[in-house]
Amino acid sequence: MAARKTSVLLFFFMFLALSSAFPRNKNKYKPCKHLVLFFHDIIYNGKNAANATAAIVAAPQGANLTILAPQFHFGNIAVFDDPITLDNNLHSKPVGRAQGMYIYDTKNTFTSWLGFSFALNSTDYQGSINFIGVDPILIKTRDISVVGGTGDFFMHRGIATINTDAFEGEVYFRLKVDIKFYECW
Amino acid sequence: MAARKTSVLLFFFMFLALSSAFPRNKNKYKPCKHLVLFFHDIIYNGKNAANATAAIVAAPQGANLTILAPQFHFGNIAVFDDPITLDNNLHSKPVGRAQGMYIYDTKNTFTSWLGFSFALNSTDYQGSINFIGVDPILIKTRDISVVGGTGDFFMHRGIATINTDAFEGEVYFRLKVDIKFYECW
Amino acid sequence: MAARKTSVLLFFFMFLALSSAFPRNKNKYKPCKHLVLFFHDIIYNGKNAANATAAIVAAPQGANLTILAPQFHFGNIAVFDDPITLDNNLHSKPVGRAQGMYIYDTKNTFTSWLGFSFALNSTDYQGSINFIGVDPILIKTRDISVVGGTGDFFMHRGIATINTDAFEGEVYFRLKVDIKFYECW
């Protein structure tokens, strides 16, 4: 039953795959800095303690912490510390960590609220980037806000376009994050 | 007992009703965009599964997830997906969803910390607005930060003045949100 | 002479460079406002209900709400309402409250994600300051973003350098917060 629901949703996902969350954004500005990164989230399901990079830590009444909650995961909060890579390979050398939380916040579709940061520590970039925003997961590309940064991203602001680049069941997903800074200092 | 506590608080609320959170704000700036919206929160109490738009998902030791925690709800985290309307009628056609969380964060009075977004999808507005701030609930009007936006609110910043426009017991509240953008792009 | 002073300073800077989170930040900007404040966090451990200013409200599977979780507290969310003081004395008259949450988000070291606000209410300052950022706790000084403010801090942005000024076991810590605003309005 759950599997069937999922496959219907997957179809819906593919159908929507060409659209972006807010198509009317006729952005006339050029970014002053541009970065494309990937991060990889492996959620703890009771069996993958060694590999898991995220854990469910809050759930609505009646749900538990190893299975995502029944109504489109509504009410789950997951905490994560995910490797960031330059390409889409989970096993590439990480250039930093994506840290923070996501909250599944709708009962009748998949959406989440994101509060997280990139802590980058590579030869190219040292600093943090802070993100806040809504994530209507089933839409191909979603825009969230870059609300601040430190180090090489001192006082930066911008927009990050996120895209679920790959996922495996409800355990792994990879997010492509296309960060365009419009305020660079 | 709870009822008595509530009525004492209501009295306190009325007493404070004329004040705003930080009265010294002698703001000399004019907004470049201005929006007034309402959102409606119905918290799950174990009996209203069909109508509830919010759920308690975290609580301090000893508390549960269908009754707000004893000490001014200290330690409760609620996740929500609330309809946004143009007027104060819960049954008006929604123009979007308010999504995110509120955290009751004080043991001896009602205050909360807000991290949420408006996802607007109407003929007038398409885009998201991201909010962060403290909410000293018993004060009539409270200011929080608009830290970013996307779509029609690309890179916007501003101040949102929130106001508990109505509430019914501990199950329903309506928030009036007066958004003044001072940075519009 | 000036050159020599510079090189001494550079040497000093390099020496310190090991102890800050993102040492390459060669910030050339002067703050338009500067504030140094302390806040004091006493976490509830099942025995200190009267004094506690923070509580664990979420934990990963298998952990509880009175003992921080086993793997570097990974997965714990704490909600707090901490007194803010002008000096490092817990018993000094508070000038406001630090309110929000911290999330322990790494399994193999101590890091946290911070979402909180200062609500200041003193003769000197009335208003709120909103913070977001990663906190690699074991590093001496860490930079987070000031993403907005209200009242006397209307629309402000900046960087806060935080520093664990003192701690006692896993029950008390004091954070020194050096706030440099670079956007003041």
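Before reading further, recall that the structure is shown in the block above.
Residues numbered from 1 in each chain as written. Chains lettered and ligands numbered in written order. Predicted model: local features only at pLDDT ≥ 70, side-chain atom pairs only at ≥ 80, totals over all residues. Heavy atoms only, no water.

> Before we move on, could you go through the overall build of chain A and cite the residues and values that matter?
From N to C terminus, chain A includes 1 helix and 9 strands. Mapped from its N terminus to its C terminus, chain A presents α and β elements in the order α-β-β-β-β-β-β-β-β-β. When the 185 residues of chain A are sorted by exposure, 61% land in the buried category. Taking the intrachain contacts of chain A between residues at least 6 apart in sequence as the baseline, contacts between residues at least 24 apart amount to 50%. Split by element, the accessible area of chain A, about 7,800 Å² in all, is 59% carbon and sulfur. (Helix = DSSP H or I, 4+ residues; strand = E, 2+ residues; numbered from the N terminus. Buried < 20%, exposed > 50% of the residue type's maximum accessible area, 1.4 Å probe, protein only. Contact = heavy atoms within 4.5 Å. Areas by Shrake-Rupley, 256 points an atom, 1.4 Å probe, with all protein chains shown as cover.)

> Tell me what's going on with the packing of aromatic side chains, and back it up with residues and numbers.
One pass over the full model with this rule turns up 54 aromatic pairs over all chains. Pairing Phe118 of chain A with Phe131 of chain A gives two aromatic rings, centres 4.9 Å apart and planes at 65°, and the pair type is edge-to-face. Pair noted here: Phe118 of chain A is in strand 5 (residues 112-121) and Phe131 of chain A is in strand 6 (residues 126-135), with a separation of 13 residues, a long-range link. Note on accessibility: Phe118 of chain A and Phe131 of chain A belong to one class, buried. Residues Tyr102 of chain C and Phe173 of chain C carry aromatic rings whose centres are separated by 5.7 Å and whose planes lie at 65° to one another, so their mutual orientation is edge-to-face. Of the two residues, Tyr102 of chain C is situated in strand 4 (residues 96-104) and Phe173 of chain C in strand 9 (residues 172-183); the sequence distance between them amounts to 71 residues. With respect to burial, Tyr102 of chain C and Phe173 of chain C carry one shared label: buried. Linked through ring pairs, Phe39, Phe80, Tyr102, Tyr104, Phe116, Phe118, Phe131 and Phe173 of chain A together constitute an aromatic cluster. (Phe/Tyr/Trp six-rings, centres within 6.5 Å; stacked < 30°, edge-to-face > 60°.)

> Please provide a residue-by-residue account of the pairing of strand 6 (residues 126-135) of chain B, values included.
Consecutive side chains of a regular strand alternate in pointing toward one face of the sheet and then the other. Residues and elements named next belong to chain B. The element strand 6 is extensively covered by neighbouring structure, given that 10 of its 10 residues are classed as buried. Pairing of strand 5 (residues 112-121) with strand 6, which is carried by 10 bridges, proceeds in the antiparallel orientation. Bridge pairing links Phe118 to Ile129 in strand 6. Between strand 5 and strand 6, which follow one another and run antiparallel, lie 4 residues. Relative to strand 7 (residues 141-149), strand 6 is paired through 4 bridges, and the arrangement is antiparallel. (Pairing = 2+ DSSP bridges.)

> Give me the lowdown on the pattern of salt bridges, citing residues and values where you can.
If you walk through the whole model with that rule in mind, you get 15 salt bridges over all chains. Ionic pairing is found between Arg157 of chain A and Glu183 of chain B, a salt bridge with its closest N-O pair at 3.4 Å. Highlighted residues: Arg157 of chain A in strand 8 (residues 157-168) and Glu183 of chain B in strand 9 (residues 172-183), drawn from two different chains. You'll find Arg157 of chain A and Glu183 of chain B in the same group, each marked buried. A salt bridge links Asp135 of chain C to Arg142 of chain C; its shortest N-O distance comes to 2.5 Å. The residues Asp135 of chain C and Arg142 of chain C share a single accessibility class, namely buried. Residues joined by salt bridges that share partners form a network here, namely Arg157 and Glu183 of chain A, Arg157 and Glu183 of chain B together with Arg157 and Glu183 of chain C. (Salt bridge = Lys/Arg side-chain N within 4 Å of Asp/Glu carboxyl O.)

> An account of the environment of Ala166 of chain C is requested, with residue identities and associated values reported.
Residues and elements named next belong to chain C. The topology assignment puts Ala166 in strand 8 (residues 157-168). As a C-alpha pair, Ala166 and His40 span 126 residues in sequence and 9.3 Å in three-dimensional space. Filtering out sequence-adjacent residues up to four positions away, Ala166 remains in contact with Tyr172, Phe173 and Arg174.

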